[in-house]
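Analysis of the macromolecular model
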Amino acid sequence: MSTDETTTVVAKPKPAKKLKPARKQVKAGDVERKETPQTGKEYNIWYNKWAGGDREDNYSNKVKSQTRCNIKKDSGLTRANTTGIRYCCLFFARGCCPYGWECDYLHTLPDPDNALPDSSKDCFARDKFSDYRDDMGGVGSFNRQNRTLYVGRIKETGPGPETEEIVTRHFKEWGEIERIRVLQYRSVAFVTYVSEFGAQFAKEAMACQSLDNDEILNVRWATEDPNPVQKVAEKRRLEEIGQEAIKARMDPRIVDAMRAVRALEDGDMLDEEGEVVEDLESSDPDPKRRRIELPPPQEVTSEPPPQPLGLLSADTMEGLKYFAEIRKRNGVSLSVMNPRTIPPKPLTSGLGVADYGSDEED
């Protein structure tokens, strides 16, 4: 007699991959900075370049970056993992950090779930400004959350879907992408990331880089999308982020208490999980919300305002009655004289100079 025995093999979960110490991307002195020939005559300290030259020469004389970051090879542990610094290394993003594990900043992609301690700085600890530069370059602005990059000077060698696939392959390395829009025959693409940190990192990592055709990309911040549908979607996304942040900071006991009070006011029943239980047997066509019926208001007969008596006005008499009532409650008697019982002061003839102690001869 044979019995079939079945054995179940439980797969063990793979242990989390530990990061190794970050490697040095370049050696000190290996990268030589090559400056483009300047055609301008005035140096602009705001944009850190010469001004007044030919615009076409400014774009055509760009120098391709000598280094590029490789996330799989270059990511690793640094001193920032022990000191608690949350900012990334700018030179690591550009692929030219010579310090490696001795660097004081992170050598990893920014985590979109961990908020930075200062919202007025980007993921590289650089201060933002109140407005964007005229050329939409630089760090950016703290007045608007920008997740979209403008990528120009793309060499198109095929149709739009092929160009979109090339752009996606090169830009998805720096973070999760929400959408990509390619303007065919214009050599322009707009890349929108899920997180703003991904856009900040990608802007520095892909500046003056090339895709597949040895071009030199022009990566800048994108202006606000004029599409009304995208505006509504962005507004809704920011509202949801705000609601989630408020819920994360609120005490769940306070939320349950507020929900119970609202259910009591509406006359609803709550289950064990705090959800509203709908009464199916009720004949009310709309049982979702029932208001408490208040009794009809009683007619209040308004008394005529008291008339002023003597020298005291009506407001003064009301004040005296109020204080007299308070003293009665406190056990202190208060005698208020009726102005009608006060005898009038006799009138004196003349100017009454003698009443004020006039100078008289003794």
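Because the structure is a prediction, the values reported are computed rather than measured. (Residues numbered from 1 in each chain as written. Predicted model: local features only at pLDDT ≥ 70, side-chain atom pairs only at ≥ 80, totals over all residues. Heavy atoms only, no water.)

**Looking at the overall build of the chain**
Helix and strand counts for the chain come out as 9 helices and 8 strands. Taken as a whole, the chain presents about 28,000 Å² of accessible surface, with 52% of it coming from carbon and sulfur. (Helix = DSSP H or I, 4+ residues; strand = E, 2+ residues; numbered from the N terminus. Areas by Shrake-Rupley, 256 points an atom, 1.4 Å probe, with all protein chains shown as cover.)

**Some remarks on helix H6 (residues 196-205)**
For H6, the buried fraction is high: 10 of the 10 residues fall into the buried class. Three or more residues of H6 are buried, namely Glu 196, Phe 197, Gly 198, Ala 199, Gln 200, Phe 201, Ala 202, Lys 203, Glu 204 and Ala 205. Here the buried face of H6 lies against helix H2 (71-74), helix H4 (90-94), strand S3 (148-152), helix H5 (160-171), strand S5 (188-193) and strand S6 (218-221). At the N-terminal end of H6, a side-chain oxygen is found 3.2 Å from the backbone nitrogen of Phe 197, two or three residues along, and the residue is Ser 195. (Buried < 20%, exposed > 50% of the residue type's maximum accessible area, 1.4 Å probe, protein only. Contact = heavy atoms within 4.5 Å. Polar contact = N/O pair within 3.5 Å; in protein donor to acceptor, adjacent residues only side chain to side chain.)

**Observations regarding the packing of aromatic side chains**
Within the structure shown, the criterion is met by 6 aromatic pairs. Three or more aromatic residues joined by ring pairs make a cluster, and in this case those are Phe 92, Phe 124, Trp 174 and Phe 201. (Phe/Tyr/Trp six-rings, centres within 6.5 Å; stacked < 30°, edge-to-face > 60°.)

**A short note on the pairing of strand S4 (residues 177-183)**
Direction of pairing for S4 relative to S5: antiparallel, over a ladder of 6 bridges. In the strand pairing of S5, Val 182 is matched with Ala 189. Hairpin geometry of S4 and S5 is characterised by an intervening segment of 4 residues between the two adjacent antiparallel strands and by a positive phi of about 65° at Tyr 185. (Pairing = 2+ DSSP bridges.)

**Considering the pattern of salt bridges**
Applying the stated criterion across every chain, the model contains 14 salt bridges. In this structure, Arg 133 and Asp 135 form a salt bridge, with 3.0 Å as the shortest nitrogen-oxygen distance. The class of Arg 133 is partly exposed, set by a relative accessible area of 24%. Within this structure, Arg 147, Glu 178, Arg 179, Glu 234 and Arg 237 form a network of salt bridges that share partners. (Salt bridge = Lys/Arg side-chain N within 4 Å of Asp/Glu carboxyl O.)

**Focus: the sheet that holds S3**
Read from one edge to the other, the open sheet built from 4 strands follows the order S4-S5-S3-S6, with strand pairing classed as antiparallel. Since the sheet does not close on itself, it has two edges, and those belong to S4 and S6, each with one partner. Direction aside, neighbouring strands of the sheet carry axes that sit 20° apart on average. Pairing of S3 with S5 involves 5 bridges; the strand directions are antiparallel. Its bridge partner lying in S5, Gly 152 is registered against Val 188. Each of S3, S4 and S5 touches H5; the most contacted strand, S4, lies at about 140° to it. (Axes fitted to C-alpha atoms, helices over the stretch in contact; angles between N-to-C directions.)

**Some points on the nonpolar core**
Among the nonpolar cores identified, the biggest contains 36 residues, and Val 167, Phe 171, Trp 174, Tyr 193, Phe 201, Leu 211 and Leu 217 are the most heavily contacted of them. Looking at this core element by element, the count peaks at 5 residues for H6. Apart from residues lying up to four places away in sequence, Phe 171 is in contact with Val 151, Ile 177, Val 191, Tyr 193, Ala 202, Met 206, Leu 211 and Leu 217. (Core = buried A, V, L, I, M, F, W, Y, C linked by side-chain atoms within 4.5 Å.)

**Quick notes on a nonpolar patch on the surface**
A grouping of Ile 246, Met 250, Ile 254 and Met 258 is seen on the molecular surface, where their side chains present a nonpolar patch of about 380 Å² in accessible area. Within the fold, Met 258 resides in helix H8 (residues 252-266). (Patch = residues over 30% accessible without salt bridge, like charges linked within 9 Å, V, L, I, M, F, W, Y side chains within 5 Å.)

**With respect to unusual backbone geometry**
Residues other than glycine seldom take positive phi values, yet Ser 187 does so here, at roughly 60°. Examined against the element boundaries, Ser 187 turns out to sit in the loop between S4 and S5. Judged by relative accessible area, which is 25%, Ser 187 ranks as partly exposed. At Asp 214, a residue that is not glycine, the phi angle is positive and equals roughly 60°.

**Re the confidence of the model for the chain**
Here the chain averages 78 in pLDDT, and 70% of its residues register 70 or above. Below a pLDDT of 50 lies the segment residues 287-292, which in the model reaches 12 contacts outside its immediate sequence neighbourhood of four places, other chains included. Between residues 333-337, whose pLDDT stays under 50, and residues either more than four places distant or in other chains, the model counts 4 contacts. (pLDDT = per-residue confidence, 0-100.)

**Considerations on helix H7 (residues 228-249)**
Side chains three or four residues apart in an α-helix point the same way, a direct result of the helix having 3.6 residues per turn. Between the first and last C-alpha of H7 there are 32 Å, a value that for 22 residues agrees with the 32 Å anticipated at 1.5 Å per step. Its side-chain oxygen 3.3 Å from the backbone nitrogen of Val 229, Asn 227 forms the N-cap of H7. (Expected span 1.5 Å × (residues − 1).)

**Describing the side chain of Ser 210**
Its place among the elements puts Ser 210 in the loop between H6 and S6. For Ser 210, a relative accessible area of 11% puts it in the buried group. The contact partners of Ser 210, leaving out residues within four places of it in the chain, are Lys 64, Arg 68, His 170, Glu 215 and Leu 217.

**Some thoughts on the state of the cysteines**
Disulfide: a covalent bond formed between the sulfur atoms of two cysteine residues. What the rule picks out here adds up to 0 disulfides. Between Cys 69, a cysteine without a disulfide, and Cys 89, which holds the nearest cysteine sulfur, the sulfur-to-sulfur distance is 9.6 Å. Unpaired in terms of disulfides, Cys 88 finds its nearest cysteine sulfur in Cys 123, a separation of 5.1 Å. (Disulfide = S-S within 2.5 Å.)

**Some points on the environment of Asn 44**
Here Asn 44 lies in strand S1 (residues 42-44). According to the relative accessible area criterion, Asn 44 is partly exposed, its value standing at 25%. Contact partners of Asn 44, with chain neighbours within four places excluded, come to Lys 49 and Ala 51. Within the structure, the side chain of Asn 44 is placed 2.9 Å from the backbone nitrogen of Trp 46, a separation counted as a polar contact.

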